[in-house]
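Single-letter residue listing:
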Amino acid sequence: MAIYDQYAKVYDDSGQIAFSIKMIPYLEGLLQLHPVPGCTMLDLACGTGTVALSFAKQGWEVYGVDASQPMLDQAKQKAEQTSQELILSQQDMRAFVVPHRLALITCLYDSLNYMLSLGDLTQVFRCVAAALLPDGVFMGDMNTRVTLEEVWGNNTFFVEREGIALVMLSSFESQSGLSTVDIAGFVRQDDGRYSRFDEHHAEIAYPDEQVRAALEAAGLQVEAAYECFHFEPPEEDARRIMWVARKPGDRR
Ligand SMILES: C[S@@+](CC[C@H](N)C(=O)[O-])C[C@H]1O[C@@H](n2cnc3c(N)ncnc32)[C@H](O)[C@@H]1O
């Protein structure tokens, strides 16, 4: 079973949707600064599809890829409920393909931190480069080590919402830079009883120069690295960075 398979049904209601709601106007601002050659986009690791749907509502042709079919099922349900079209497929982001090249690819909310080696991260960026139109743009955010080491560290976090309780145990390994989070989720069923699920998540944060080198090795030109949700370069203690990179245009 993939990560998020069990989490999927309560992902939005547990509060995670707040990130996408904050991200949507930020992406609109980024698109003003980094225009793209058309209204076709892929949200890579689209999860429950909140960002993808916001583009579809504005008339974009939108693709969504995710490794978790239950997350995609949530996205599909939301698209049907709002009469929007999303073209969804279950694929691994290290080896995804799209039917035609696209103007914009996004990859949001830690999804890139799930790539546990620089080789995997570079492979994602290679697939992104292959799927972008010339002059197409990639926008992807990543947690920095500050988040994994200092914010998450070795801690217990607890989330409680109507009918949902999540207990998250994080631990950080200094040498590898790996953060693991064990999640125990308790979800109220129709009969009032709670069922439990368990997931083990692992994320790595890479130094800026390694992310930049991986984007460039994949053939993408870095246009900006922003303190996420701002339009300025990251401070040294930045917790999340938004990377914006463009596929070079045809020179013919
Ligand atoms: C924190 S969620 C973010 C979802 C969505 N982007 C959002 O902003 O709400 C991370 C997502 O990455 C997906 N994911 C993790 N590893 C993946 C992989 N190798 N290929 C495709 N999707 C992956 C998970 O299934 C999950 O939906």
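Cut-offs applied
Residues numbered from 1 in each chain as written. Predicted model: local features only at pLDDT ≥ 70, side-chain atom pairs only at ≥ 80, totals over all residues. Heavy atoms only, no water. Helix = DSSP H or I, 4+ residues; strand = E, 2+ residues; numbered from the N terminus. Rg over C-alpha atoms; globule rule 2.2 N^0.38 Å. Buried < 20%, exposed > 50% of the residue type's maximum accessible area, 1.4 Å probe, protein only. Contact = heavy atoms within 4.5 Å. Lys, Arg positive; Asp, Glu negative; His and termini not counted. Charge placed at Lys NZ, Arg CZ, Asp CG, Glu CD. Expected span 1.5 Å × (residues − 1). Pairing = 2+ DSSP bridges. Axes fitted to C-alpha atoms, helices over the stretch in contact; angles between N-to-C directions.

Asks: I tried to follow the overall build of the protein on my own but got confused; where do I start?
Replies: Assigned secondary structure in the protein consists of six helices and eleven strands. The C-alpha atoms of the protein give 18 Å as radius of gyration, which agrees with the globular expectation for 252 residues (18 Å, within 12%). Reported as C-alpha extents along the three principal axes, the dimensions of the protein are approximately 65 × 45 × 30 Å. Counting across all 252 residues of the protein, residues that qualify as buried make up 54%. Partitioning the intrachain contacts of the protein with sequence separation of at least 6 by distance along the chain shows that 66% fall at a separation of at least 24. The average position of the 20 basic charges and that of the 36 acidic charges among the side chains of the protein differ by 4 Å.

Asks: What is the right way to look at helix H4 (residues 118–131) in this model?
Replies: Owing to its 3.6 residues per turn, the α-helix brings residues three or four apart onto one side. For H4, spanning 14 residues, the distance from its first C-alpha to its last is 20 Å, which sits close to the expected 20 Å at 1.5 Å a residue. Among all positions in H4, only Leu121, Thr122, Val124, Phe125, Cys127, Val128, Ala129 and Ala131 are buried. Tucked into the core, H4 has its buried residues touching strand S1 (40–44), strand S4 (102–107), strand S5 (132–143) and helix H6 (208–217).

Asks: Teacher, can you tell me more about the sheet that holds strand S7 (residues 164–173) here?
Replies: Strand pairs in the sheet, formed through backbone hydrogen bonds, run parallel or antiparallel to each other. Across the sheet, which stays open at both edges, the four strands sit in the order S6-S7-S8-S9 with antiparallel pairing between neighbours. Of all the strands in the sheet, the pair left with one neighbour each is strand S6 (155–161) and strand S9 (194–204). Averaged over all pairs of adjacent strands, the angle between strand axes in this sheet comes to 15 degrees, irrespective of strand direction. When strand S8 (residues 178–188) meets S9, the two strands line up antiparallel, connected through eleven bridges. Paired with Ser179 across the strands is Glu203, a residue of S9.

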